[in-house]
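The lines below spell out each chain.
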Amino acid sequence: MTELRTNCPRDCYDNCGIVVRPGKNGRVIVRGDPEHPINRGTLCTKCATAYNGVWQDPSERLSIPLRRVGPKGEGAFEAISWDAALSEVAERTQQVIDKRGPQAVVHTHYSGTLSMLAFMFPMRFFNRLGATEVEPDSICNLAGHIAWSAMFGISVAGFDPRTAADSSCILVWGANPSHSGPHMDQHWLGEFDGAVVVVDPIRTDTAVRADLHLQPFPGTDAALAFSIVHELRALGAFDDEFIAAHVHGAPDVLPTIEACSPSWGEAQTGVPAEQIRQAAELYASGPALLWAGQGLQRQPTGANVMRAIGMLPALTGNIGKPGAGICYLNVAAALLGADFDELAGASLVDGEARKLNHIGLAGALEDPDRFGAMFSWNTNPLASAAEQLRLREAFRREDLFTVVVDCFPTDTVDYADIVLPAASFLEFDDLTFSYMNPIVGAQRKVREPVGDSLPNQEIFRRLAAAMGYDEPELHESDVVLIERLLDGLDLGFSFEELAERGHVYLTEDPFDYFADRRFRTPSGRIEIASASLSEVGLDPVPTPATDAAQPEGLFRLLTPASRWRLNDSHANDRTIGRRSGPPTVTVHPADAADLGIADGDPVHLRNGAGQITLATAIGDIAPRGVLVAYKGRWPKLEPGGCNVNALHEGNSADIEGCSAVHGTLVSLEPAR
Ligand SMILES: Nc1nc2c(c(=O)[nH]1)N[C@H]1C(S)=C(S)[C@@H](COP(=O)(O)OP(=O)(O)OC[C@H]3O[C@@H](n4cnc5c(=O)[nH]c(N)nc54)[C@H](O)[C@@H]3O)O[C@H]1N2
Ligand SMILES: Nc1nc2c(c(=O)[nH]1)N[C@H]1C(S)=C(S)[C@@H](COP(=O)(O)OP(=O)(O)OC[C@H]3O[C@@H](n4cnc5c(=O)[nH]c(N)nc54)[C@H](O)[C@@H]3O)O[C@H]1N2
Ligand code: SF4
Ligand SMILES: [Mo]
């Protein structure tokens with residue numbers, strides 16, 4: 001091997017291209033691909049560090065199957081063979097199925113890797129088994145998906161970023177690409193000719209570089225949206241023809257819009273009326289793009305907020321034409337022929353799929369009558385999920401047979417009965433997709449797996465065999481699966497050719513799913529008024545409601561994506577640990593003065609879910625009353641043995657079961 005191309009499969013907007021060269025002792029050197037249009041030769045600092053660090057360090061990886069020998073949580077294991085591990089898992093899982101039915105087996109998974117096979121193929125096993133699935137999106141972006149699916153007919157058909165060439169304004173609402181998509185931030189937003197407007201309670205680096213930053217108090221976005229829409233109407237920016245032809249329910253919101261003047265908006269949100277007017281002017285200045293972040297809807301009224309901001313494109317006709325559109329996620333690969341349902345074995349489900357949400361998971365796992373076996377794969381819930389302390393106790397249940405599949409010995413791994421070591425993305429062939437750009441990449445095997453680790457898909461093929469499941473779908477090879485996905489995409493070349501190129505744009509010209517202006521809703525129009533959302537408990541149309549005023553003495557805690565970690569991945573890389581320093585909470589200078597707290601002072605953050613102690617960083621990056629502590633640390637590596645999710649009370653957004661983590665309220669006091 002001289003130089004090989006592959007792609008980063010992390011849960012990140014960028015999906016960077018990678019070039020790999022041989023290193024020493026079986027290692028490889030991982031760098032950015034200069035020919036990749038999104039990252040243009042660099043990787044983010046965290047991956048450039050961790051991919052050449054902990055990801056290739058055999059002493060930090062899980063390399064062999066393990067069986068628990070100590071109490072749950074201690075992480076004491078003995079090494080066992082794959083055969084022994086798989087037959088024990090099969091036997092104990094079958095016992096649960098025989099006694100209590102397949103629904104007593106629960107599995108949780110998410111986005112450790114998003115490469116297509118490793119991310120989706122294991123679902124075939126669980127669908128065949130009939131297990132209960134913890135709905136992965138319920139900890140991330142489910143409220144937004146439900147809201148925009150009802151409104152626009154689909155929530156994964158975003159604008160193609162290339163269409164920005166025809167755009168005069170990009171409105172980034174509640175996303176922080178400076179952390180969560182650093183190359184999109186640097187190149188795409190950085191080189192955009194028009195105006196960038198950011199709406200975020202935090203002065204992120206993206207906001208600092210924007211033409212205009214609106215800084216509302218968290219949870220007031222719907223009011224802000226209504227007052228921007230009020231101003232759009234005053235500017236004559238409504239597209240009446242578009243509304244008549246393609247929007248359902250506009251008359252129902254017009255009286256409210258009329259009442260939400262910019263000065264009313266200022267009183268509700270803290271954003272100066274003048275800035276509300278400027279934002280409307282910029283959005284109205286020509287074709288405009290609206291990027292709704294995933295952080296935006298992780299709040300108590302997240303679904304209503306998504307509907308409210310969706311009125312901007314709906315009422316101005318900013319969708320389905322060059323330079324216009326909306327993006328929550330853009331999963332173009334699935335829209336252009338890669339059959340993800342087939343890959344995940346949707347047809348293997350017998351009857352109705354059984355689901356459960358993250359919000360409520362701790363309570364459900366505590367109940368001994370509900371689940372007898374649990375699989376956690378591609379996720380680290382004891383770092384990332386709600387009610388961390390309570391969930392941990394539930395994981396301690398002796399009678400909950402627990403299997404964890406990961407590349408690293410995470411907190412969740414410490415609670416497993418059997419640990420199965422997963423190979424990393426550097427160690428097997430797969431395909432990657434971006435959830436923002438219509439790009440598919442080849443993930444290529446560029447080094448041997450660490451120890452005896454195996455790709456997720458191979459682990460679940462072997463487990464299917466151990467269970468005696470002989471459906472051919474459960475045993476299809478990677479080569480066949482990859483070929484079928486590529487055939488579906490009709491690229492006209494093989495995996496080898498794709499691997500040579502590294503990546504491919506799925507369409508030559510910007511892809512616009514809404515170009516036909518057909519919306520796949522019951523009315524065929526953009527549904528400002530939605531019956532399906534009424535059925536799940538929302539108002540018939542979006543409202544300008546804000547969260548109730550914060551109780552005296554409590555602070556709102558925001559815990560969004562960190563620059564240094566990808567969710568909780570890379571948290572165990574020592575170089576990253578050193579460079580990112582100890583965990584901090586950013587406190588507004590006026591709040592710090594009130595409480596007599598100085599920079600660096602340890603402070604307790606507390607609520608009904610738990611308590612953590614963090615070092616104070618005094619800064620005015622967020623409004624008074626708002627605290628910022630980035631997510632992404634491994635509890636067991638932190639001084640107090642927990643991370644910010646010890647404070648995640650498991651509150652739902654306005655759609656039951658969807659995370660409202662950015663609505664977390666805490667008390668703050670000096671740790672004296
Ligand atoms: N407080 C707070 N909490 C949050 C959020 C927040 O904003 N604030 N955000 C939420 C969001 S948006 C999300 S998506 C979730 C994400 O939460 P998780 O899905 O738990 O993400 P990670 O913590 O990165 O855990 C992924 C795990 O997968 C492992 N992994 C990587 N590659 C592979 C592989 O090929 N195979 C296997 N088997 N494992 C692999 C990694 O080592 C890692 O341990 O966290 C949520 N938690
Ligand atoms: N470096 C890095 N990149 C990541 C991740 C990571 O952990 N680290 N996680 C990945 C995952 S799983 C996801 S889902 C994406 C998420 O990435 P984004 O879509 O960018 O979402 P978040 O980082 O959760 O939050 C974005 C912004 O929402 C803001 N926000 C919070 N509450 C409100 C509110 O009430 N109103 C408004 N307007 N804004 C609000 C926060 O201040 C934050 O700056 O990033 C992915 N990329
Ligand atoms: S995590 Fe994102 S920015 Fe970092 S290398 Fe991967 S795709 Fe690129
Ligand atoms: Mo996420």
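Note: the structure precedes this text.
Nothing here was measured: the structure is a model prediction, and the numbers come from that model. (Residues numbered from 1 in each chain as written. Chains lettered and ligands numbered in written order. Predicted model: local features only at pLDDT ≥ 70, side-chain atom pairs only at ≥ 80, totals over all residues. Heavy atoms only, no water.)

Draft legend 1. Structural context of the overall build of the protein chain. If you tally the helices and strands in the protein chain, you get 25 helices and 27 strands. The C-alpha radius of gyration of the protein chain comes to 24 Å, within 12% of the 26 Å expected for a compact globule of 672 residues. On the principal axes, the C-alpha backbone points of the protein chain span a range of 70 × 65 × 50 Å. Within the protein chain, the fraction of its 672 residues that count as buried is 62%. Counting 55 positive and 88 negative side-chain charges, the protein chain places the centres of these two groups 5 Å from one another. (Helix = DSSP H or I, 4+ residues; strand = E, 2+ residues; numbered from the N terminus. Rg over C-alpha atoms; globule rule 2.2 N^0.38 Å. Buried < 20%, exposed > 50% of the residue type's maximum accessible area, 1.4 Å probe, protein only. Lys, Arg positive; Asp, Glu negative; His and termini not counted. Charge placed at Lys NZ, Arg CZ, Asp CG, Glu CD.)

Draft legend 2. Region of interest: the site of ligand 1. Around ligand 1, the structure places 32 residues, and the nearest of them are Asn 380, Ser 384, Asp 406, Asp 568 and Asn 645. Asp 406 places a polar side-chain atom, nitrogen or oxygen, 2.6 Å from an oxygen atom of ligand 1. The separation between an oxygen atom of ligand 1 and a polar side-chain atom of Asp 568 is 2.7 Å. Burial of ligand 1 by the protein amounts to 98% of the accessible area it has alone, namely 920 Å². In the shell around ligand 1, the residues fall into 12 nonpolar, 14 polar and 6 charged. Two domains each put at least three residues into the shell around ligand 1: domain 1 (66-139 + 334-403 + 412-420 + 449-492) and domain 3 (554-670). (Near = heavy atom within 4 Å. Polar contact = N/O pair within 3.5 Å; in protein donor to acceptor, adjacent residues only side chain to side chain. Areas by Shrake-Rupley, 256 points an atom, 1.4 Å probe, with all protein chains shown as cover. Nonpolar A, V, L, I, M, F, W, Y, C, P; charged D, E, K, R; others polar. Domains from an automatic or database assignment.)

Draft legend 3. Up close: the site of ligand 3. Neighbouring ligand 3 are Cys 8, Arg 10, Cys 12, Asp 14, Asn 15, Cys 16, Leu 43, Cys 44, Lys 46, Cys 47, Pro 182 and His 183. More than half of the atoms belonging to ligand 3 lie within 2 Å of the grid points that define the second largest cavity. Where the shell around ligand 3 is concerned, the elements lending two or more residues are α1 (45-50) and α7 (182-189). Split by residue class, the shell around ligand 3 holds 7 nonpolar, 2 polar and 3 charged. (1 Å grid on protein atoms, 1.4 Å probe; cavity = no way out; pocket = protein on both sides within 12 Å on 5 of 7 lines; lining within 4 Å. Sits in = over half its atoms within 2 Å of the grid points.)

Draft legend 4. Spatial organisation of the sheet that holds strand β1 (residues 4-7). If you walk across this open sheet you meet the 3 strands as β1-β2-β3, and the pairing is antiparallel. Every other strand in the sheet has two partners, leaving β1 and β3 (28-32) as the edge strands with one partner each. Shown here is a sheet whose adjacent strand axes are inclined to one another by a mean of 35°, direction ignored. One ladder, built from 5 bridges, connects strand β2 (residues 17-22) with β3; its direction is antiparallel. Paired with Val 19 across the bridge in β3 is Arg 31. (Pairing = 2+ DSSP bridges. Axes fitted to C-alpha atoms, helices over the stretch in contact; angles between N-to-C directions.)

Draft legend 5. Local environment of empty space enclosed by the protein. Here the structure, examined in full by the defined rule, presents 4 cavities of 30 Å³ or more. If you add up the space inside the second largest cavity, you get close to 60 Å³. Around the second largest cavity, the lining residues are Cys 8, Arg 10, Cys 12, Asp 14, Asn 15, Cys 16, Cys 44, Lys 46, Cys 47, Pro 182, His 183 and Leu 566. Of all the secondary-structure elements, those providing two or more residues to the lining of the second largest cavity are α1 and α7. Its residues assigned to classes, the lining of the second largest cavity comprises 7 nonpolar, 2 polar and 3 charged. (Points joined across faces, edges and corners; volume = space filled by probe spheres on them.)

Draft legend 6. Structural detail: the packing of aromatic side chains. What the rule picks out here adds up to 22 aromatic pairs. Ring plane angle 40° and centroid distance 5.9 Å describe the contact between Phe 125 and Tyr 469, whose orientation is recorded as tilted. Here the residue Phe 125 occupies a position in helix α4 (residues 122-129), and Tyr 469 occupies one in the loop between α20 (456-467) and α21 (478-489), the gap between them amounting to 344 residues. Across the pair, exposure class does not vary: Phe 125 and Tyr 469 are buried alike. Ring geometry for Phe 340 and Phe 433: centres 5.3 Å apart, planes at 55°, overall tilted. Taken together, the residues Phe 340 in helix α16 (residues 340-343) and Phe 433 in strand β18 (residues 430-433) connect sequence positions 93 residues apart. Grouping residues by exposure puts Phe 340 and Phe 433 together as buried. One aromatic cluster in this structure is built from Phe 125, Phe 126, Phe 375, Trp 377, Phe 460 and Tyr 469. Sitting over the face of the ring of Phe 408, Arg 61 holds its NZ or CZ atom 5.9 Å from the ring centroid. Above the face of the Tyr 469 ring, Arg 128 is positioned so that its terminal group lies 3.8 Å from the ring centre. (Phe/Tyr/Trp six-rings, centres within 6.5 Å; stacked < 30°, edge-to-face > 60°. Lys NZ or Arg CZ within 6 Å of the ring centre and 35° of its normal.)

Draft legend 7. The arrangement of the pairing of strand β8 (residues 169-173) in detail. Along β8, 5 of the 5 residues are buried, which leaves the element largely enclosed by surrounding structure. Examined bridge by bridge, β8 and strand β9 (residues 195-199) share 5 bridges and lie parallel to one another. What sits directly across from Val 172, in β9, is Val 198. Relative to strand β12 (residues 288-292), β8 is paired through 5 bridges, and the arrangement is parallel. Looking across to β12, one finds that Leu 171 is bridged to Leu 290.

Draft legend 8. View of the nonpolar core. Judged by nonpolar contacts, the single largest core of 107 residues is most densely connected at Met 116, Phe 125, Trp 188 and Phe 433. Of all the elements, helix α2 (residues 82-100) adds the most residues to this core, at 7 residues. Dropping the residues within four chain positions of it, Met 116 is found in contact with Phe 121, Ala 333, Phe 340, Leu 343, Asp 430, Leu 431, Thr 432, Phe 433, Val 440 and Leu 485. In this structure, Ile 154, Cys 260, Tyr 283 and Ile 526 belong to the second largest nonpolar core, which totals 65 residues. (Core = buried A, V, L, I, M, F, W, Y, C linked by side-chain atoms within 4.5 Å. Contact = heavy atoms within 4.5 Å.)

Draft legend 9. Representation of the packing of helix α5 (residues 142-152) against helix α14 (residues 302-316) within the structure. Where α5 contacts α14, the two axes come as close as 8 Å, and the packing angle between them is 40°. Taken as axis vectors, α5 and α14 run oblique relative to one another. Handedness of the crossing formed by α5 with α14: right-handed. In this structure, α5 contributes Ala 143, Gly 144, Ala 147, Trp 148, Met 151 and Phe 152 to the contact, and α14 contributes Ala 303, Met 306, Arg 307, Ile 309, Gly 310, Met 311 and Pro 313. Per-class residue counts for the contact of α5 with α14 are 10 nonpolar, 2 polar and 1 charged. (Parallel < 35°, antiparallel > 145°, perpendicular 65-115°, else oblique. Left-handed = near helix turned anticlockwise from the far one by under 90°.)

Draft legend 10. Inspection of unusual backbone geometry at higher detail. In the Ramachandran plot, Asn 25 falls in the positive-phi region, its phi being about 55° despite a non-glycine side chain. The residue Asn 25 is located in the loop between β2 and β3 in this model. Owing to a relative accessible area of 78%, Asn 25 belongs among the exposed residues under this scheme. Although it is not a glycine, His 570 sits at a positive phi angle of roughly 75°. Within the fold, His 570 resides in the loop between β22 (555-558) and α24 (574-580).

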